[in-house]
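# Structural description and commentary
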Amino acid sequence: MLNHQERRILIITCFGHFMSHFNMLVFPALLLPLTTHMNLPMAQVLGLSFWMYLLFGLTALPWGMIADRWDAKSLMSLFFLGAGLSSAAAAMWVNSPMGLALSLAGIGLFSGIYHPIGLGMISKGVGRMSMALGYNGMFGNLGLTMAPLLSGIINWIWGPAAVYFVLGGLNIAGMGLMMAFPLQEPEAQEQHGPENGNGFLHAFLILLVAMMLGGLAYRGATVITPAYFELKNGLIFQKLSGLWNVELSSNLVATTTISLIYLVGILGQYAGGRVAERFDPRLSYLIFHAIAMPAVFLMAIASDIPLIILALIYFFFLLGAQPSENTLVARLTPRRLHHSAYGTKFILTFGVGSLAVKMVGGIQGIWGIEATYAALGMISLGLVSVVVFLIRYTKHKDEFESKGMQDAA
């Protein structure tokens, strides 16, 4: 059971996780509508989001270092306020490529606050860490789910500017939630992480390589899949239009479908949290990614119903691996540096992962959009290889096993 303070930490961090991913997934849902709206090539419009994704990742470590030395609660408030104002600016400058790119960069800058601060608060202030990370991951995945769905509906009715005005309001609502559920700065739980600063340094560095590859896979898949569904699910679009005898847009059908897939990914987060709490998180991390790998390879040659089934499998296990990953970060780093440790993780997963935007754009322009999924499959193959090496490297580390038994207790 969670105590009063732990519940408040989970409420604020779950909403923050929801909004951080919601903020990042609005743009992919609007990629094709903005291409038409601005009368620009898809690759050029996609490039407008580069600085948003880059800053979302690159600022994670500085934000985490600030939180380890300052006030994590104030940084959470700054996240909600800054992302809200940047979203409003995007709505006002939606007709200007330069203005939109700057506004998106602001969204990325302030959204980058969440992960090192929110996950650090959970690892320090909640006793049942793996379980709490699983629930927190579910809300992040709910943000993935709702962003394309709501963006598609609002864009269908009012257009792209309205989408970003609504986004601004949702971010500002987070400040109201923090006033309704005031937090105390959490103290580190005794059972998490090694006592010294370098007990698992080499293992953590190996994990960082795996997480960097996971960031490339995650960002590449989430940024291109809505447009891929719009292009490859034509039969489903025709069937739905004929069934309901209404004028649907292919963008609305694609964003709704991807939202349902991300919704199933919530079950992956829950399953991943439970598995990481009960079993060795190293093995669950490996198994989840190993199952996701063949699915993404096959997405390159699939369309309509087979494509949807493969995407369900891929995102279930890709997203379901995250609680195990976050548990490993806390296990392999000292308690006093958890904000910085998560910041280091996300500067790689989201910072280096932002290069997937350039990668996807380049591959799509040269070889076609299908080839992006073959590239994502190769990234997953590399990730699985690194995790196998991590397991072998830590196989005889008794301290790691003892930390696992303490967490399970």
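Refer to the structure printed above.
Let me begin by describing the structure that accompanies this report. (Residues numbered from 1 in each chain as written. Predicted model: local features only at pLDDT ≥ 70, side-chain atom pairs only at ≥ 80, totals over all residues. Heavy atoms only, no water.)

### Structural notes on the overall build of the protein chain
The cut-off we apply is this: Secondary structure follows DSSP: runs of H or I at least 4 residues long count as helices, runs of E at least 2 residues long count as strands, and numbering of each begins at the N terminus. Burial classification: accessible surface area is computed with a 1.4 Å probe over protein chains only, and a residue below 20% of its type maximum counts as buried, one above 50% as exposed, and the rest as partly exposed. Any two residues whose heavy atoms approach within 4.5 Å are treated as being in contact. Computed by Shrake-Rupley with a 1.4 Å probe, the accessible areas treat only the displayed protein chains as cover when residues are assessed.
Looking only at helices and strands, one finds 20 helices and 0 strands in the protein chain. Within the span of the protein chain, comprising 409 residues, buried residues form 61% of the whole. If you take every contact in the protein chain between residues at least 6 apart in sequence, the share linking residues at least 24 apart comes to 87%. When the accessible area of the protein chain is evaluated, it comes to approximately 15,500 Å², of which 69% is carbon and sulfur surface.

### Quick look at the side chain of Ser 87
Cut-off, in case you're wondering: A 3.5 Å cut-off defines polar contacts: any pair of N or O atoms within that distance qualifies, except that in protein one atom must be a possible hydrogen donor and the other a possible acceptor, and neighbouring residues in sequence count only when both atoms are side-chain atoms.
Within the secondary structure, Ser 87 is located in helix H6 (residues 72-92). Classification of Ser 87 as buried rests on a relative accessible area of 0%. Here the side chain of Ser 87 touches Ala 83 through a polar contact of 2.8 Å, landing on its backbone oxygen. Every residue in contact with Ser 87, bar those within four places of it in the chain, is listed here: Ile 107, Tyr 164, Leu 167, Gly 168 and Asn 171.

### Examining the environment of Leu 85
As for its position among the elements, Leu 85 is in helix H6. Overall, the relative accessible area of 53% leaves Leu 85 in the exposed class. Along the chain, Leu 85 and Ile 107 lie 22 residues apart, while their C-alpha atoms are 8.4 Å from each other.

### What to know about the side chain of Ser 86
Following the sequence through the fold, Ser 86 ends up in helix H6. Engagement of the side chain of Ser 86 in a polar contact is seen with the backbone oxygen of Gly 82, the distance being 2.9 Å. Setting aside chain neighbours within four positions, we find Ser 86 in contact with Ser 103, Gly 106, Ile 107 and Phe 110.

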